[in-house]
Amino acid sequence: MEGVAALKARVRESGGPELLERLEWLDAERALPPVGAPPVRAPERGTRVDFDVVLAGGGLSLLYAPVLAGLGLKVGVFERGRAGVSHREWNISRPELQPLTESGLFTSQEVDSLIIARYAHGVCRWHGGGEYPVVGALDQAVDAGRLLSEVRTRAEARGVRFHEGHTLRGMGEGPDAVRLHFERAGDVQVDVTARLVLDARGVSSPFATADLMCPTVGGVLTGLREGTAPDEVDPRVGDILVTTEGVEEGRQHIWEGFPGRPGEVTVYLFYYAPSREVRGEHALLRLYGRFFERLGRYKRGEPRLLRPTFGYIPGWSRLVPPPRAPGRRVVLVGDAAARHSPLTYCGFGATMRSFLPGARAIAAALQEDRVPGGPLVHDTPLHAVTGGLAMLMASPSREPALRGELNGLLDAAFASLHEMGNGPYAALIKDQMVGTDFVRFLALVARRRPRVYREVLALARHGPLATARWLEGLSRAVFQLRDAA
Ligand SMILES: Cc1cc2nc3c(=O)[nH]c(=O)nc-3n(C[C@H](O)[C@H](O)[C@H](O)COP(=O)(O)OP(=O)(O)OC[C@H]3O[C@@H](n4cnc5c(N)ncnc54)[C@H](O)[C@@H]3O)c2cc1C
């Protein structure tokens, strides 16, 4: 494995010193052992609260704030950095953006104006296998920065109060409120109380205990050669999932590339791994080192990194218990809850499906002076099955002779999806596949690759409980989805 000093030199040279500094900070945060939250005195019964709802974290989940305020609640957003700014780029299909208009936050024309590129189709392509186009999934690139700044503007107009530079350190829950303890620069301590807390701290939340992790690096590039060959950029086509090699160093690296403004392309390199393996190993630094070294194998040209984007995305396999909030008045949302697809990690799509029904359920509960019951964020039984597959992808064999196996499995899966037709294929990517199609999909993959049964049995490596959970999830998903079909 390449030395850290050499990696740092490459990242500094290709991405600049500021990128290196931010990477080191993020990797160091992840490497730290979990620190016990300081004890916070719980508010007594009858305490007059400062807010109905506090949103801790002002990233993508900021979407909850204006909706809750519009439903008559007093909302405060507390963010350790700046709220309503995005260091990411998102893609999605147009109908999935419908909640932005349904919520009354945006008109349809305003949503259209947030889209910076549209593709004729997307492709998934596996090393040594085929290329599988799909229409109507992840085919619009969204201006993430403008979306979040507009959400902030609407939140402010509805009376949401923003507190930036506030780092949440601990919470204490009483019978009818939570006290939150924040630190500000200069060792200033701030306590506030709320009837309900939305923990939207993403992967940094101490309750973000999901068992999978997807380190992701890349950013907006210019200078890639345009054309229609696989290693060129076609502005009308988005690469959804692409591999250019087999398993190396125990990881299956995957590329994603979607054109944005004219001449610009967002390119990501990522892999899935069990969370416990992504600690203290300079994961993002190593991945960026690889990104700059291998980018030429993915796309030709003379790339220049305009805006780096990187981070850790958690995922939950459904083979272990879910991330859980510490109390009844704390609700996990977004990446902290990790209820998005463990196969696609599309946290943006998942938040689109969650923020409106979630905010309405919170408002209804608080208006009746109760806490919302059950999980608020969108989930689907299908994830109980795809989670096991994601775990398989996260822990491939390190045996050199088997380095092409995962690509083979993925190729069989996507060839089967493609054979089923665009509807089911796009539906799987959008978390909308119906039960009858899912059963057909499994049968097709098994016919194409009979050893898939043996491969799935590899889940037994994760213990009998994990295997039992997966089989239970499979039967539940098949029957629930069949009923829904
Ligand atoms: C590089 C990258 C590319 C991605 N691309 C896509 C994509 O194309 N499509 C897609 O669907 N999804 C994508 N995702 C995933 C998506 O961005 C996340 O799922 C989404 O941002 C999660 O929203 P969130 O509100 O839970 O957390 P975030 O958006 O991560 O926001 C968390 C916020 O909490 C703040 N915070 C953390 N700790 C504290 C604290 N102690 N106190 C106060 N504030 C705190 C942080 O500063 C941050 O602003 C990508 C993620 C990454 C990293």
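Residues numbered from 1 in each chain as written. Predicted model: local features only at pLDDT ≥ 70, side-chain atom pairs only at ≥ 80, totals over all residues. Heavy atoms only, no water.

The protein chain has the name Lycopene cyclase in an unreviewed UniProt entry, where Pyxidicoccus parkwayensis is given as its organism.

Participant: Just to check I follow, could you spell out the site of the ligand for this structure?
Facilitator: In the vicinity of the ligand lie 31 residues, with S61, E79, W90, D335 and F348 positioned nearest. One nitrogen or oxygen atom from the side chain of S61 is found 2.7 Å from an oxygen atom belonging to the ligand. Interatomic distance of 3.4 Å between a backbone N/O atom of A200 and an oxygen atom of the ligand. Expressed as a share of its isolated accessible area of 1000 Å², the protein-covered part of the ligand is 92%. Among the elements of the structure, β2 (75–79), β3 (90–92), β9 (167–173), β17 (301–315), α8 (334–337) and α9 (347–367) are those that each provide at least two residues to the shell around the ligand. Sorting elements by how many residues they give to the shell around the ligand places β17 first, with four residues. Class assignment for the residues of the shell around the ligand results in eleven nonpolar, 14 polar and six charged. (Near = heavy atom within 4 Å. Polar contact = N/O pair within 3.5 Å; in protein donor to acceptor, adjacent residues only side chain to side chain. Areas by Shrake-Rupley, 256 points an atom, 1.4 Å probe, with all protein chains shown as cover. Helix = DSSP H or I, 4+ residues; strand = E, 2+ residues; numbered from the N terminus. Nonpolar A, V, L, I, M, F, W, Y, C, P; charged D, E, K, R; others polar.)

Participant: What's the story with the layout of surface pockets in this structure? I'm lost.
Facilitator: A water-sized probe, rolled over the atoms, reveals where empty space remains. Roughly 350 Å³ of volume is contained in the second largest pocket. S397, E405, E455, A458 and R461 are, among the 15 residues lining the second largest pocket, the residues nearest its centre. Listing elements by their share of the lining of the second largest pocket, those giving two or more residues are α10 (383–394), α11 (405–420) and α14 (452–457). The greatest single-element share of the lining of the second largest pocket, amounting to three residues, is contributed by α11. For the lining of the second largest pocket, the per-class residue count stands at eight nonpolar, two polar and five charged. (1 Å grid on protein atoms, 1.4 Å probe; cavity = no way out; pocket = protein on both sides within 12 Å on 5 of 7 lines; lining within 4 Å. Points joined across faces, edges and corners; volume = space filled by probe spheres on them.)

Participant: Even after reading the chapter, I still don't get the domain arrangement of the protein chain, so can you show me in this structure?
Facilitator: Splitting the protein chain by domain gives domain 1 (4–31 + 212–315), domain 2 (51–117 + 140–208 + 320–367) and domain 3 (383–484). Taken together, the 23 residues of domain 1 in the interface contact 19 residues of domain 2. A combined buried area of about 1700 Å² lies between domain 1 and domain 2, and 55% of that area is made up of carbon and sulfur atoms. Close ionic contact of R80 with E29 constitutes a salt bridge, the shortest N to O distance being 2.9 Å. In this assembly, domain 1 and domain 2 are joined by five residue pairs in polar contact (both at pLDDT 80 or more). (Domains from an automatic or database assignment. Contact = heavy atoms within 4.5 Å. Buried area = accessible area lost by both parts, 1.4 Å probe. Salt bridge = Lys/Arg side-chain N within 4 Å of Asp/Glu carboxyl O.)

Participant: Is there a simple way to explain the packing of α11 against helix α12 (residues 422–429) in this structure?
Facilitator: A packed helix pair is summarised by two numbers, namely the angle formed by the two axes and the spacing between the axes. The interhelical angle for the contact between α11 and α12, taken along N-to-C directions, is 130°, at an axis separation of 5 Å. By the angle between their axes, α11 is oblique relative to α12. Residue-level contacts link F414, L417, H418 and M420 of α11 to P424, Y425 and L428 of α12. Classifying every residue of the contact of α11 with α12 gives six nonpolar, one polar and no charged. (Axes fitted to C-alpha atoms, helices over the stretch in contact; angles between N-to-C directions. Parallel < 35°, antiparallel > 145°, perpendicular 65-115°, else oblique.)

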